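The residues making up each chain are set out below.
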Amino acid sequence: MKRLLAVLLVLTILVGVLPAAAQDGPTGTFLGTWPYVLPPNHHFNGFATGGPGDNLGAVYRSLVELTPAFYMWADGKYEPLLAESWGFTDDNKAYFITLNPEAKWSNGTPVTSDDVIATYALGRIMGWSQFTYINDVVKVDDHTVNFVFSGEPSLLAERLLLKEYIVSNETYGELAQEALDLIASGAASDSEEWTALRTKITEFRPEQYLATGPYTYTLDDVNDAYLTLKWQPNSLFSDKVKFGEIRLWAGETETTAPLILSGELAHSTNVYPASSVEAFEAQGIRMITLPRGYGVALLMNHDVYPFNIKEVRQAMAHAINREENAFITAGFGAEAPKYMGGIYALTETLLNQEDIDALNPYEYDLDKAAALMEQAGFTRNADGKWVDAEGKTISVEYKFPSEFVDFSGAAQNATEQLNSFGFDISLRGMQPFGEVVTAIRSGDFQLSVWSYGAASPFASRHFFGPVQRFNYPETVKIDPNFKGMNFPMEFEYNGEQIDLNTMINEASTGLDVEAQKERAGVVARIINDLLPFIPLNDLIGIEPVNEELLGGAPADGDPILANPAGSGDHYVIWGILQGTMFPQGAAAEMMSGS
Amino acid sequence: MSVKSTVPPAASPVRQMRYLKPFRQRVGEALSSYTARVLLQGLFTVFAVMTFTFFLVRLMPGNPVDIKIDQLMQTQGLTYEQARSQAAGLFDMDLNAPVGQQYLTYVQRVLRGDLGKSILSAGTPVADIIWRFLPWTLFSVGLGLLVSFALGVLIGAAMAYWRGGILDNVMTAVASILYSIPEYIIALLIILVAGVQLQLFQVGELRGGFNPDVAPGFTLEFIGSILKHATLPVITYVLATIGGWILAMKSSTISTLGEDYITVAKARGLSERRVLTAYVGRNALLPLVTRLSVSIGLVVGGSVIVEELFQYPGLGRQLLRAINGRDYTVMQGIFLIIAISVVASTIIADLMLGWLDPRVRVGQKATKG
């Protein structure tokens, strides 16, 4: 008996004295993909290129660095992640976020307000867009921070604050203190000190990646073929997740398609051409569809005749069969735009029904198109081409990024349809895509193609591209190289002088959602009538999911599939953090080193 | 008491001339020597390429800052000015510096052995990037080239010697087909047909430079893993280039076989083996040496698409990333290394030709004389 007691005593002491052994985590692997970069370019500084933003993307970064909350698009509500509560202060002069007091970093230290203060101190130096709305970040207590508005309170600011990744004060503390000192000194953001600190921040290389999420990794976990995020025990979600690790195969569409076909990849956020989707389905891979938040649009240079004529633009909209264009662009990965008011289909909640009903759908109608061309002073010549009073045909060039399957497909089909209607458009594919962006920005184009809409629950963000993104009526005064689409933003409309730029900016300001809808409705009607660009199709994400490797993917029709693809609200983030997704088959047995 | 001066007596102008003359002669002789001329030409070529690429990359439309500005405007809703200000802080790049000034800074840095820092990954030295990925490319593409050259030369010579036979007919068709297929198509066929359809290997298992579960070190396991992972890229390079070597060697051997000295050698009763190796093989190989030297130089550039498809950690993949992201400094660094290696291998080939072909040495002496 004494011996037994002695043994028990020794065991008790050993359990108490020995350092906490590695906790038993879940096993099994999530097999995803992301085009991360390799060391020495790869690092853990979230404020610099080559850091977590580039290497993990919004989806996988969210599993390492928690944002305060997660947004459910279907009901427009935020769900807690790192934060416990949030909201506008009673006087609406600030927005508060209270962190979950149980939240810890992967090294076991608690997550506090100091981490938030440090995050935003560096963010301010780096020029984060949150500072368009706030001018101060104040610590209320150990877990609560107030973001003080510089002007009106804003729901758009709320989203920016709740969707920002919080970094560790332990890692960035020294730089953050320098930032706070600099801000307190009153230095201007274009001062030498400011620039020097910004450079210092971007060149900083943290030795470890402290995580609030249930996974983290070291540079040893980054190899040529894949990157492995490993489970860590200290997160709020560590006990919930069902994967021991997240394996991210390196590469883009062309290099990951074979992995899906060979059954080594469970899920991908890449965009695959229709032929690949067919091959996946033939192998029994499930395809999950979800909105991408943006569509493809035909852009025109309004300095180029006859695109400065509204009737010509409207005729073009009628002359393009958008159903056909969508199918040619991405098979079932695109659909014809419902509205021609600059808002992607997913955001019906952003406009009043009255405004939606008032929008011209620009149905495919060649007779209407011809009538509009004639109204604009054009007639058809013997070759069936439209000519103006001087006999000039509409002979223009259409620049498109040839490396983007969707953009190039849309551009080629639109050109084909417009040419058969009587235009004389020649196509010019360009690569890399940056060439097209540069051409559009500098106004060095006649017709081109780029995205419209946004994966955002705010109308102003949808209107932004391309009317503001590629149109610089103000900037061109500073930098003549930036002409963009040359669409005037200040003009007389229905007998009233309007400033479309301001109207777009103000479409989503304030806290009154109904008032926002009304303002957005006015903008949508103007865009619908003037057509500064022509929406060609709305893109839909079609993500392959191999259910032999991954269980718990949301069923078709699940409200979470209203969340857009590629965003920080992706269903995979929620599924993994909540433990509703789990490894299956070979993936359940798979772990690094085993 | 006389003090012996330690200062040498000033040389008279005549004496100076006497000292200088042999020096000038020596320099003149050195400069007129074939080796020095080749080296100087090489240096000039490297400098010219360095200058050319510096300006060329800047003439490309778009730059990383512009791309980032657009991204920031789109994702964060910043105005152009805000996005430009934020983007400027993200990159190790002065937007406003004149190009001439940037060039001078670049040349000064290169002369000090500093290739600068990556623009896309602020703070990361370009040299670190090159030294991280260069060995992998040298190994895989170099091995592929050597295997392809050796096999191509042997098969080509055999085809020419037994011209009109089955080997010649079959291999001419095979070589022509292989020669006409781009290497990325071969790589895709290997992955999709051999990997996905026939399941001869696990596609993901052979990606990268080595198995991540094997600890790097001088161990049989690690070396085996490296060789295993290099298999697919090397097979691709071999298949993509062997057709060229086969056809070139065949053509060169046929023309050599028609030379008088071969007929004389045969008439002298030399054994077939001796005629083949010492007379035909050696002479037929000469035209291929220059081609091989240029190919060796281009090994450094790697094979961009093949490395990307196999996720092989070579320099080509980095070059692709740098070009797409307009990472000027990394592009310049890699182009410079490619230029140096091509020039160096060409110089070595020139010198080797003299060793392989005595007529070249005689030609040099005759030119000097």
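Residues numbered from 1 in each chain as written. Chains lettered and ligands numbered in written order. Predicted model: local features only at pLDDT ≥ 70, side-chain atom pairs only at ≥ 80, totals over all residues. Heavy atoms only, no water.

### Considerations on the interface of chain A and chain B
How we decide: Contacts are residue-level and defined by heavy atoms, with any inter-residue pair within 4.5 Å sufficient. The term buried area means the drop in 1.4 Å probe accessible area that two parts suffer when joined, counted for both and summed. Any Lys or Arg side-chain nitrogen located within 4 Å of an Asp or Glu carboxyl oxygen qualifies as a salt bridge. Distance and chemistry together define a polar contact, namely a pair of N or O atoms within 3.5 Å, with one atom able to donate a hydrogen and the other to accept it when in protein, and with adjacent residues in sequence counting only for side-chain atoms on both sides. Here a helix means four or more residues in a row that DSSP labels H or I, a strand means two or more in a row labelled E, and each is numbered from the N terminus.
Contacts between the two partners involve 55 residues from chain A and, on the opposite side, 55 residues from chain B. Among the residues chain A hides against chain B, the three largest losses belong to N41(A), T49(A) and D224(A). Together they make up 14% of the total. Here chain A is connected to chain B by two salt bridges. For E203(A), the salt bridge goes to K117(B), with nearest N and O atoms at 3.9 Å. Applying the counting criterion to the chain A and chain B interface returns seven residue pairs in polar contact (both at pLDDT 80 or more). Going through the elements one at a time, α6 (192-203), α7 (253-261), α14 (433-441), β17 (447-453), α15 (459-467) and α16 (475-478) of chain A are the ones with two or more residues in the side of chain A that touches chain B. Top element by residues in the side of chain A that touches chain B is α14(A). It accounts for six residues.

### Considering the nonpolar core
Heads up, the rule is: Among buried residues, the Ala, Val, Leu, Ile, Met, Phe, Trp, Tyr and Cys ones that are joined through side-chain atoms within 4.5 Å form a nonpolar core. Each residue's exposure class comes from its accessible area (1.4 Å probe, protein chains only) as a fraction of the maximum for that residue type: buried when under 20%, exposed when over 50%, partly exposed otherwise.
Ranked by size, the top nonpolar core spans 171 residues in total, and within it F147(A) and I246(A) carry the most contacts. Top element by residues in this core is helix α9 (residues 220-257) of chain B. It accounts for 12 residues. Setting aside chain neighbours within four positions, we find I246(A) in contact with F30(A), Y60(A), L63(A), Y215(A), L227(A), T228(A), L229(A) and I576(A).

### Let's talk about the domain arrangement of chain A
Residues and elements named next belong to chain A. Put simply, the rule is: For every domain, the bounds stem from an assignment made automatically or drawn from a database.
When cut into domains, chain A gives domain 1 (23-64 + 213-285 + 546-594), domain 2 (66-202) and domain 3 (292-540). Taking the mean C-alpha position of each, domain 1 and domain 2 sit 27 Å from one another. Domain 1 puts 26 residues into the contact, and the matching count from domain 2 is 30 residues. Taken together, both faces of the contact between domain 1 and domain 2 bury some 2,200 Å²; the carbon and sulfur share is 65%. Among the residues domain 1 hides against domain 2, the three largest losses belong to F47, L236 and W574. Together they make up 34% of the total. The interface formed by domain 1 and domain 2 holds two salt bridges in total. At the junction of domain 1 and domain 2, the tally comes to 13 residue pairs in polar contact (both at pLDDT 80 or more).

### Quick look at helix α12 (residues 366-375) of chain A
All names here are of chain A. Applicable threshold: Taking the helix axis as origin, the arc is that swept by the directions to the C-beta atoms.
Of the residues making up α12, those classed as buried are A369, A370, L372 and M373. The buried residues of α12 all sit within an arc of 160° when viewed along its axis, so they share a single face. When the buried face of α12 is taken as reference, the exposed residues oriented beyond 90 degrees from it are D367, E374 and Q375. At its buried positions, α12 is contacted by α9 (310-319), β13 (379-380), β14 (386-387) and α13 (405-421). The N-cap residue of α12 is D365: its side-chain oxygen and the backbone nitrogen of D367 are 3.0 Å apart. A positive backbone phi angle near 95° is found at G377, which sits one or two residues after α12.

### A short note on helix α6 (residues 126-161) of chain B
Note the following rule: Between the first and last residue of a helix there are one fewer steps than residues, each counted as 1.5 Å, and that sum is the expected span. Given a residue, its bend is the angle between the two axes fitted to the seven residues that end at it and to the seven that start from it.
For α6(B), which comprises 36 residues, the first-to-last C-alpha distance of 50 Å matches the rise-based estimate of 52 Å (1.5 Å per residue) to within 8%. Taking the largest bend as the criterion, α6(B) deviates by roughly 35°, centred on F133(B), and proline P135(B) comes between one and four positions later.

### Some points on empty space enclosed by the protein
Residue and element names in this part refer to chain A. Here is the rule: Buriedness of a pocket was judged along seven lines, with at least five required to meet protein on both sides within 12 Å; pockets are open sets of points on a 1 Å grid over the protein atoms alone, cavities are sets where a 1.4 Å probe fits but cannot get out, and lining residues have an atom within 4 Å of a point. Grid points are joined across faces, edges and corners, and a volume is the space filled by probe spheres set on the points. Any residue that is not Ala, Val, Leu, Ile, Met, Phe, Trp, Tyr, Cys, Pro, Asp, Glu, Lys or Arg is counted as polar, Gly included; the first ten are nonpolar and the last four charged.
Under the counting rule described, the total for this entry stands at four cavities of 30 Å³ or more. Computed from the structure, the largest cavity encloses a volume of approximately 90 Å³. Contributing to the lining of the largest cavity are 14 residues, with E65, V167, Y172, Y209 and L210 lying nearest its centre. Of the residues contributing to the lining of the largest cavity, the split by class is nine nonpolar, four polar and one charged. Both domains that meet at the lining of the largest cavity, namely domain 1 (23-64 + 213-285 + 546-594) and domain 2 (66-202), each give it at least three residues.

### Topic: a negative patch on the surface
Formally: Patches in this entry comprise residues that are over 30% relatively accessible and not in a salt bridge; like charges within 9 Å are linked, as are nonpolar side chains (Val, Leu, Ile, Met, Phe, Trp, Tyr) within 5 Å. Only the protein chains shown count as covering a residue, and every accessible area follows the Shrake-Rupley method with a 1.4 Å probe. Neither His nor the chain ends is counted toward charge; the positive residues are Lys and Arg and the negative residues Asp and Glu. Where a charge sits is defined by one atom per residue type, namely NZ (Lys), CZ (Arg), CG (Asp) or CD (Glu).
A contiguous patch of negative charge on the surface is contributed by E354(A), D357(A), D512(A) and E518(A). Residue placement: D512(A) occurs in the loop between α17 (500-506) and α18 (513-530).

### Some words on the pattern of salt bridges
All names here are of chain A. Applying the stated criterion across every chain yields a total of 21 salt bridges over all chains. The shortest N-O distance in the salt bridge between K399 and D444 comes to 3.5 Å. With a gap of 45 residues between them, K399 in strand β15 (residues 395-401) and D444 in the loop between α14 and β17 connect regions that are remote in the sequence. Accessibility expressed as a relative area gives 4% for K399, which makes it buried. Here K517 ties to E514 by a salt bridge, and the two come within 4.0 Å at their closest N and O atoms.

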